[in-house]
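# Topology and contacts: notes
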Number of protein chains: 2
Amino acid sequence: MLMMRDLKKMFEPESIAVIGASREPNKIGHVILKNLVEGGFSGQVYPVNPSAEIILYQHAFASVKDIPSQVDLAIITTPQKAVLKVLEECGEKGIKNIVIITSGFAEVGNVEDENKVREIAKRYGMAIIGVNCMGFINPYSRVDSVFNPVYKLGRPKAGEIAFISQSGAIGAAVMDLAAKMGVGISLFVSYGNATVVDETDLLEHLYQDKRTKVIAMYIEGVKDGRRFLEVAKKVTKKKPIILIKAGKTEAGVKAAASHTAALAGDYSVYSAAFRQAGIIEVESLTDLFDFSKIFLQPFPKGKRVGIITNGGGIGVLTADQVLLNGLEIAEYKLETKIKLREAMPMHVNITNPLDLAGDADASRFRQALEALYADENVDIIILTPLMQTVHLDPSIIDLIVSYSQKMEKPISVITIGGSYTEQNRALLENGGVPTYTSPYVATKAISKLAWYAGRYGKE
Amino acid sequence: MLMMRDLKKMFEPESIAVIGASREPNKIGHVILKNLVEGGFSGQVYPVNPSAEIILYQHAFASVKDIPSQVDLAIITTPQKAVLKVLEECGEKGIKNIVIITSGFAEVGNVEDENKVREIAKRYGMAIIGVNCMGFINPYSRVDSVFNPVYKLGRPKAGEIAFISQSGAIGAAVMDLAAKMGVGISLFVSYGNATVVDETDLLEHLYQDKRTKVIAMYIEGVKDGRRFLEVAKKVTKKKPIILIKAGKTEAGVKAAASHTAALAGDYSVYSAAFRQAGIIEVESLTDLFDFSKIFLQPFPKGKRVGIITNGGGIGVLTADQVLLNGLEIAEYKLETKIKLREAMPMHVNITNPLDLAGDADASRFRQALEALYADENVDIIILTPLMQTVHLDPSIIDLIVSYSQKMEKPISVITIGGSYTEQNRALLENGGVPTYTSPYVATKAISKLAWYAGRYGKE
């Protein structure tokens, strides 16, 4: 597709037809309808099913053509045999935006039907997401075509990270994880076989989308490498792309082909292209959002890190990882040292990492954070409070959130533990503070932020 | 120390004196006493405090010398100034096992007092853990000197992984994490400055300890490198050691010195020695237990992995990581292929990874697991069930646990998601199945198991 698609109505429709809507609770067409009806979508929802009159208290239509009003988006969940027919009907009805959940196309060798979908789309000027996908979640417009029950799969809150994923199940699982972590998303799209709308179309959309500040991607293969590279180069100048590539090995490539009909190709070629385009590649699925969320922090002016801790060991590990990841240990200004020496008890050494000791309370953290935030020699602040001590109370959460909201220096938190720590960690994330469970991941993410800020930060 | 210490009474005392026991809830001497009294320790507990008569409903003694019966273990939590005096009294009382929680010794430059502690220990033939430490948790004898409240820091269940940590706070935080993950421990020891009992003494103890199958370690520096290496070499032949080293960089080494007075030294020398001793080194704190728990699985006969999934993408990522970590993708036997082809619906391809498709229920997983467990060409089984699908119900947990308990092949699970997935993941861990949140970590851990089995598995 050379022209840019306008996908605004796709992701912000005022009316949706669910084709293949079902009364059986275990059917995809039921779960999607239920999630739309109960999930807060404020527009019209039309169930389409030739053999049911009422589904989930909604009047059902035999065909989209029977719906009396305009339909902005159709979500197709019928058996494979019926897809071409109902798609044609969508065309006749003038529906321009389609999600086809149904599988059984190129990924199982049925290239013929996949080509027919493409032909119908072209004939009617349709944008189609899928086939063989989960569609999308837009937490702003409350459109949700992910067919997992909400009690099994949490939906993340509205935020600023977009996630586009070739794999539906992985995409959904990562959404579930994001919901639990308290990380917000601007849009999630599972695009499956990329029959019509492909990863590059989605990148173009997100480039324009004002709510999206960071783009995370899971891909197996790219449809049009040259165009992807060109668009990605443009996008990364404005918004960072964090990407994980599946299908790096022979076994992975083979598995990808039968999964989304992807041409995973030669990984070394991909990897070089990603680098060239300024894309940040990660190796682990859990890194995808751990890296993405650091990019919602302000750009650091340099690489000099100040570390505040109440646990010596975690300070040592963090200092190690700061240096091993190409960041620097800040040398405090003299006035900072004097200020800290006056404020701190004698058993606290004024060094970096600044180990406030096991008896540190929130007010000691406040004095430390205040001093390092004001110090021009400190570009980046990492706090590693171990929440389990007798002396540290949850008022430290408000403290860190309030400094983070000044948005002058990037602040992140590393904290390790069980349920009590997890609760406090979730509060920090809700307050917009990126949190990590190990210095290893945190510093890798921060070093990418510093790299990006150095490369694109000046504009 | 050249002779081997007998630390059995230290970790399994029948009577404990808490010196510096306090009535103030925020004091260390209060929290430790409370955790002992309320935590299920079945022996005698004697609070020692010259200015209180009753603490937590227990009669308090002015000095250990006033306690009428024998005392197996004394936990010292007094201010630094009082330590030498009460330690001397312990000697006079004939107490042979001491934990000194109190800090303010070599780590702040007070080498003189640290030497005096060592001198007293020698004179009375005492084993001392500390100074400047958190002591230990033995979930079997229910002795617990960790001074974090239980509502903030969970205690892990009894199990087979021992953790010895130079840093108390990190050790405690990792215990909290283990408790949340449902991983059991045989013993946790925080040994701080290693004034008397050092990391090597602890290794010797764990070598003998029947409950310990795997040893995890956090260290900053080693007291006697040659002896450590010698003992570690012996230990790793029988029990794997998973280790994280802090103080790898200049900044880390400096921070370690003021933390536990450790001589962190030249990291490349350490790293080479670890390798030589057969120690498995990890880079991230969260890897410590993720790697340790795989070693409670049976040894694989080879490196051939069978992957069972209901999410194509996670199968692709796992296949990649299997190969990237030096493991192999198993080629099923012909009869396995025939059996699977007969059992599975046509849209399931009989390949490895075996993608059971998004509509897979527990019974499809059962057939797959049965077939791969029976196949001699499969040495290692990885299941990556995405728990969020409509069709998969929690009966899959029982299924996986029951196969895992056969203990013929190592089984592990990778599953990604939020609260619902976490609950199911915790059930698997409770059933003894190691679980992971990414193929990246899981396959790294498994590859270490395969390496260890190849090196030491034959005996």
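A brief structural summary. (Residues numbered from 1 in each chain as written. Chains lettered and ligands numbered in written order. Predicted model: local features only at pLDDT ≥ 70, side-chain atom pairs only at ≥ 80, totals over all residues. Heavy atoms only, no water.)

### Some thoughts on the packing of helix α13 (residues 362–374) of chain B against helix α14 (residues 395–404) of chain B
Residues and elements named next belong to chain B. Filter applied, for reference: With axes taken as lines fitted to C-alpha atoms, and helix axes fitted only over the stretch in contact, angles between N-to-C directions fall between 0 and 180 degrees. Secondary structure counts use DSSP, requiring at least four H or I residues in a row for a helix and at least two E residues in a row for a strand, with both numbered from the N terminus. Under this scheme an angle from 65 to 115 degrees is roughly perpendicular, one under 35 degrees roughly parallel, and one over 145 degrees roughly antiparallel; angles in between are oblique. Here a crossing is called left-handed whenever its near helix is offset anticlockwise from the far helix by less than a right angle, and right-handed whenever the offset is clockwise. Whether two residues are in contact is decided by their heavy atoms, any of which lying within 4.5 Å being enough. Note on residue classes: Ala, Val, Leu, Ile, Met, Phe, Trp, Tyr, Cys and Pro are nonpolar, Asp, Glu, Lys and Arg are charged, and everything else, Gly too, is polar.
Two numbers describe how α13 lies on α14: the axes approach to 9 Å, and their chain directions differ by 15 degrees. When the axis of α13 is compared with that of α14, the two are roughly parallel. In this structure, the crossing between α13 and α14 has a hand that is right-handed. On the side of α13, the interface is formed by Ala362, Phe365, Arg366, Leu369, Glu370 and Tyr373, while α14 contributes Ser395, Ile396, Leu399, Ile400 and Tyr403. Partitioning the contact of α13 with α14 into residue classes produces eight nonpolar, one polar and two charged.

### Remarks on the pairing of strand β19 (residues 411–414) of chain A
Residue and element names in this part refer to chain A. The test is simple: Relative accessible area decides the class of each residue, using a 1.4 Å probe on protein chains only: under 20% of the type maximum gives buried, over 50% gives exposed, and in between gives partly exposed. When the strands point away from the viewer and the connection leading from the first strand across the helix to the second strand turns clockwise, the crossover is called right-handed. Two strands qualify as a pair provided DSSP detects at least 2 bridges between them.
Of the two faces of β19, the one carrying Ile411 and Val413 and the one carrying Ser412 and Ile414 are both buried. Once the chain exits strand β18 (residues 380–384) it traverses helix α14 (residues 395–404) before rejoining the sheet at β19, and the crossover so formed is right-handed. As defined by bridge partners, β19 adjoins strand β20 (residues 435–436) across two bridges and the pair is classed as parallel. Across the sheet, the residue bridging to isoleucine 414 is tyrosine 436, located in β20. Between the parallel elements β19 and β20, the chain passes through helix α15 (residues 419–430) in a crossover that is right-handed.

### Some remarks on the relation of the copies chain B and chain A
Applicable threshold: Least-squares fitting of one copy onto the other uses the C-alpha atoms of those residues that reach a pLDDT of at least 70 in both copies.
Superposing chain B onto chain A requires a rotation of 180 degrees together with a translation of 0.0 Å along the rotation axis, leaving an RMSD of 0.0 Å. Seen this way, the second copy is the image of the first under a two-fold rotation axis. Comparing interface residues between copies, 100% of those in chain B also lie at the interface in chain A; the contact surface is shared.

### Here's the deal with the interface of chain B and chain A
Where we set the bar: Each of two parts loses accessible area, computed with a 1.4 Å probe, when they are put together; buried area is these two losses added. Salt bridges are defined as contacts in which a side-chain nitrogen from Lys or Arg sits within 4 Å of a carboxyl oxygen from Asp or Glu. Here a polar contact is recorded for every N or O atom pair within 3.5 Å, except that within protein the pair must consist of a potential hydrogen donor and a potential acceptor, and residues adjacent in sequence are included only if both atoms are side-chain atoms.
Taken together, the contact between chain B and chain A spans 65 residues of the former and 65 residues of the latter. In terms of surface lost to chain A, no three residues of chain B exceed B:Lys152, B:Gln388 and B:Val390, which account for 13% of the buried area on that side. The tally of links between chain B and chain A comes to zero salt bridges. At the boundary of chain B with chain A, the tally comes to 22 residue pairs in polar contact (both at pLDDT 80 or more). Listed by contribution, the elements that provide at least two residues to the side of chain B that touches chain A are α5 (168–181), β13 (241–245), α8 (250–260), α11 (312–324) and α15 (419–430) of chain B. With ten residues, α11(B) is the single largest residue contributor to the side of chain B that touches chain A.

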